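Close look at the chain arrangement
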Protein chains: 2
Amino acid sequence: MSSRLRGVFAPVLTPFNQRLEPDIDRFIAHCRWLIDQQVGLAIFGTNSEAASLSVDERIAMTEAILQAGIPAARLMPGTGGCAITDAITLTRHAVDNGAGGALMLPPFYFKGVSDEGLFAYYAEVIERVGSDRLKIYLYHIPQLTQVPITLNLIEMLRKRYPDSVVGAKDSSGNWENTKAMLDNFASDGFDVFPASESLLSRALPLGAAGCISATVNMNPAGIRAVFEGWNGDSGAALQARADVIRTIFQAVPMIPAMKRVVAEFSHHPSWRVVRPPLCPLSDDAAPALLKTLADAGFDMPAYPKA
Amino acid sequence: MSSRLRGVFAPVLTPFNQRLEPDIDRFIAHCRWLIDQQVGLAIFGTNSEAASLSVDERIAMTEAILQAGIPAARLMPGTGGCAITDAITLTRHAVDNGAGGALMLPPFYFKGVSDEGLFAYYAEVIERVGSDRLKIYLYHIPQLTQVPITLNLIEMLRKRYPDSVVGAKDSSGNWENTKAMLDNFASDGFDVFPASESLLSRALPLGAAGCISATVNMNPAGIRAVFEGWNGDSGAALQARADVIRTIFQAVPMIPAMKRVVAEFSHHPSWRVVRPPLCPLSDDAAPALLKTLADAGFDMPAYPKA
């Protein structure tokens, strides 16, 4: 975890087989395709159904992609969790294997916890992992955790651990919050990643480091084009084009819908499988989604046979 | 899991040492004391900080108390979790070791999930554990999970798995919901446990099976007296007496406060330790709490030296 992560990251979708087990071959293939599109891999994010995976499953999946040659430096695995012991295990594994960073949820079972309690959680992980290669990105997604990463908490952590707590993903969908994170901390070298490519043109001029967005699984090249070209002549057009795709997926149950589309372009029907409590996209909804995408000019990506 | 669980259960507080590791000796001593008070052990509930424990820690703690002679039949371990793989591991371990039942949270990371998705989660666990000794108690605690166990979900599960889904804990604090669970399902042999002893006198006449209450860790004998004597001459007095203690703990951060009081009556100061994101009771608050309890006539329980 030496050079800083920047750019466009996919919270990598997790393929399951019909027995609901992680499908390692499909996972490797999807990671390879994304790397070839020159985006980074935020494996084990919300859209990866990481909450539905055990610690052992996450470790086995990580080792499988590393053995397959996926570059560790391009990984930002999700390593947070409700139990500090799990967070320590996962974060240490990420650091030991050279991951570029670790995206850490706060513990999300208890509600109404204090910033002091959350500081103690992150401090415990940082102290126990005990590595100067550790780069933590705080994961703010209050609509699911109900436990916000406040500006005050960021300030507390930055003051005590400036070299370890180096950024945040803001999934709140609240631009004012993203802007406040950027205004308060970006100039000090704190790397803020909004959770939607639709914010790139607004966030990058304020110092954002890129974005970590679900729909990078669908449209990696288009989103990367926005990141590279937002301030060029065709910046507005690139942003508008990416926004069209994003908007379509935001209108449907996003994880099942994206998996349904990967099933289509990968020609592997088992990509439709989600773990409970999520439900697959209904047979009724799938044709409508595919038609909406086609009507919007979405080209099914060329995807390697595997 | 043959005979049905009834009566008063403690979500057993989890002692940690100064390194934040589960303190096995203290855990055994606390379980023994509770069993001697003739209450059951809902280990790994909310008030056990179970969300802050890894799967491996929960299994090691369970094996330690079983080896120490705690009767498995009196256990109702919490075995639910966000990942079905974890829920299956924990539930299978509970069944294989003869636990009287398993108290199962729904997966609580994703929000707005459907009853069909939750049904699939519980069904997957039931099918994979695959034992006619499995007795699941559904854990409804929407203020923490934001994922309710609806009456509709109970009906779906009872219809398909009447021998496996045998009861619920209602921690909503909403009497109308507890009453609806009782009215709809108790006569059919579904065992409802409210989460507060303060509801015993109202819930038992409607067919409740007992209660699973945090403050059983503080006042096991008093709460058991309500369960045994609610409909006797001194029933109202017993209920009022238990309510006084309950009310005091409801007015403070309950887990840290209860641990502070166990530290007092066990003479083991390390009982004060909580895992992040919780914070210990402040040094300012502790004397006030102890004085309030003393003023209310709370006798520190006699606790075995260990």
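For the structure, check the block above.
Keep in mind that this is a model prediction, so the values were computed, not measured.

So, how was this worked out
Residues numbered from 1 in each chain as written. Chains lettered and ligands numbered in written order. Predicted model: local features only at pLDDT ≥ 70, side-chain atom pairs only at ≥ 80, totals over all residues. Heavy atoms only, no water. Helix = DSSP H or I, 4+ residues; strand = E, 2+ residues; numbered from the N terminus. Rg over C-alpha atoms; globule rule 2.2 N^0.38 Å. Buried < 20%, exposed > 50% of the residue type's maximum accessible area, 1.4 Å probe, protein only. Contact = heavy atoms within 4.5 Å. Areas by Shrake-Rupley, 256 points an atom, 1.4 Å probe, with all protein chains shown as cover. Buried area = accessible area lost by both parts, 1.4 Å probe. Salt bridge = Lys/Arg side-chain N within 4 Å of Asp/Glu carboxyl O. Polar contact = N/O pair within 3.5 Å; in protein donor to acceptor, adjacent residues only side chain to side chain. Nonpolar A, V, L, I, M, F, W, Y, C, P; charged D, E, K, R; others polar. Expected span 1.5 Å × (residues − 1). Phe/Tyr/Trp six-rings, centres within 6.5 Å; stacked < 30°, edge-to-face > 60°. Pairing = 2+ DSSP bridges. Right-handed = clockwise from strand over helix to strand, strands pointing away. 1 Å grid on protein atoms, 1.4 Å probe; cavity = no way out; pocket = protein on both sides within 12 Å on 5 of 7 lines; lining within 4 Å. Points joined across faces, edges and corners; volume = space filled by probe spheres on them. Least-squares fit on C-alpha atoms with pLDDT ≥ 70 in both. Core = buried A, V, L, I, M, F, W, Y, C linked by side-chain atoms within 4.5 Å. Axes fitted to C-alpha atoms, helices over the stretch in contact; angles between N-to-C directions. Parallel < 35°, antiparallel > 145°, perpendicular 65-115°, else oblique. Left-handed = near helix turned anticlockwise from the far one by under 90°.

Further remarks concern the overall build of chain A. Summing up its helical and strand segments, chain A has 12 helices and 7 strands in all. Here the C-alpha atoms of chain A give a radius of gyration of 18 Å, agreeing with the 19 Å that 2.2 N^0.38 yields for 306 residues. Across the 306 residues that make up chain A, the buried fraction comes to 62%. The contacts of chain A with a sequence gap of at least 6 include a subset with a gap of at least 24, amounting to 74%. Summed over its atoms, the accessible surface of chain A is roughly 11,300 Å², and 50% of this surface lies on carbon and sulfur atoms.

Note: interface size is frequently given as the accessible area lost on complex formation between the parts. Contacts between the two partners involve 41 residues from chain B and, on the opposite side, 41 residues from chain A. Summed over both partners, the interface of chain B with chain A comes to about 3,200 Å²; 69% of that surface belongs to carbon and sulfur atoms. Where chain B meets chain A, there are 0 salt bridges. At the junction of chain B with chain A, the criterion picks out 12 residue pairs in polar contact (both at pLDDT 80 or more). Every element with two or more residues in the side of chain B that touches chain A is listed here: α3 (84-96), α4 (115-129) and α5 (142-145) of chain B. Of the residues forming the side of chain B that touches chain A, the biggest block, 7 residues, is contributed by α4(B). Taken together, the residues that form the side of chain B that touches chain A break down as 23 nonpolar, 9 polar and 9 charged.

Looking now at helix α1 (residues 24-36) of chain B. All names here are of chain B. With 13 residues, α1 should cover 18 Å at 1.5 Å per step; its first-to-last C-alpha distance of 18 Å lies within 8% of that length. Every buried residue of α1 is listed here: R26, F27, I28, A29, H30, C31, W33, L34 and I35. Lining the buried residues of α1 we find β1 (7-10), β2 (40-41), α2 (55-67), α9 (220-229) and α11 (254-266). For α1, the N-terminal cap is D23; the gap from its side-chain oxygen to the backbone nitrogen of D25 is 3.3 Å. Residue Q38 follows α1 closely and has a positive phi angle near 65°.

Attention shifts here to the packing of aromatic side chains. Residue and element names in this part refer to chain A. The final tally for this structure, using the stated rule, is 23 aromatic pairs over all chains. Ring plane angle 55° and centroid distance 5.1 Å describe the contact between W33 and Y303, whose orientation is recorded as tilted. Of this pair, W33 sits in helix α1 (residues 24-36) while Y303 sits in the segment after α12 (285-295), and the two are 270 residues apart along the sequence. The residues W33 and Y303 share a single accessibility class, namely buried.

Attention now moves to the pairing of strand β4 (residues 136-140) of chain A. All names here are of chain A. Where burial is concerned, most of β4 is hidden: 5 out of the 5 residues are buried. Every second residue of β4 is oriented toward a common face, with I136, L138 and H140 on one face and Y137 and Y139 on the other, all of them buried. The sheet contact formed by strand β3 (residues 102-104) and β4 spans 3 bridges and is parallel. Counterpart to M104 in the pairing with β4 is L138. You can see the chain leave β3, run along helix α4 (residues 115-129) and come back into β4, and the turn it takes is right-handed.

All chains considered together, the criterion is met by 4 cavities of 30 Å³ or more. Volume-wise, the largest cavity comes out at about 540 Å³. Around the largest cavity sit 42 residues that line it, and C82(A), D86(A), F108(A), C82(B) and D86(B) are the ones nearest its centre. The residue makeup of the lining of the largest cavity, split by class, is 26 nonpolar, 12 polar and 4 charged.

Residue and element names in this part refer to chain B. In this structure the tally under the stated criterion is 26 salt bridges over all chains. Among the ionic pairs, R19 bridges to E21, the shortest N-O distance being 3.2 Å. With a shortest N-O distance of 2.8 Å, K291 and D295 are connected by a salt bridge. Of this pair, K291 and D295 are both found in helix α12 (residues 285-295), 4 residues apart, which corresponds to roughly one turn of the helix. Taken individually, K291 and D295 each receive the classification exposed, so the pair is uniform in this respect.

Before going further, it helps to spend a moment on the relation of the copies chain B and chain A. Once turned by 180° and shifted 0.0 Å along the axis, chain B lies on chain A with an RMSD of 0.0 Å. This pairing of chains is accounted for by a two-fold axis. Both copies present the same face, since 100% of the interface residues in chain B are matched by interface residues at the equivalent positions in chain A.

Right, let's talk about the nonpolar core for a bit. Counting 219 residues, the largest nonpolar core has Y109(A), L138(A), F249(A), Y109(B), L138(B) and F249(B) as its most contacted members. Excluding anything up to four places from it in sequence, F249(A) contacts T215(A), M218(A), M254(A), A257(A), M258(A), V261(A), L289(A) and L293(A).

All right, on to helix α10 (residues 235-250) of chain A then. Residues that lie three or four places apart on an α-helix share one face, since the helix turns once every 3.6 residues. Taking 1.5 Å per residue as the helical rise, α10(A) with its 16 residues ought to reach 22 Å, and the 22 Å between its terminal C-alpha atoms agrees with that figure. Among all positions of α10(A), only G235(A), Q239(A), A242(A), I245(A), R246(A), I248(A) and F249(A) are buried.

Let us now look at the packing of helix α6 (residues 151-160) of chain B against helix α7 (residues 175-185) of chain B. All names here are of chain B. It is at 11 Å that the axes of α6 and α7 come closest, and there the two elements cross at 30°. Our classification of the angle between α6 and α7 gives roughly parallel. Seen from above, α6 lies across α7 with right-handed handedness. Along the contact surface, α6 presents L151, I154 and E155, while α7 presents A180, M181, N184 and F185.

Here we come to unusual backbone geometry. Residue and element names in this part refer to chain A. Cis rather than trans, the peptide bond between P276 and P277 has omega equal to 15°. On the secondary structure map, P277 appears in the loop between α11 (254-266) and α12. Within the chain, Q146 stands out as a residue other than glycine whose phi angle is a positive 60°. With respect to the helices, strands and loops of the structure, Q146 is situated in the loop between α5 (142-145) and α6 (151-160). Within the chain, H267 stands out as a residue other than glycine whose phi angle is a positive 60°. On the secondary structure map, H267 appears in the loop between α11 and α12.

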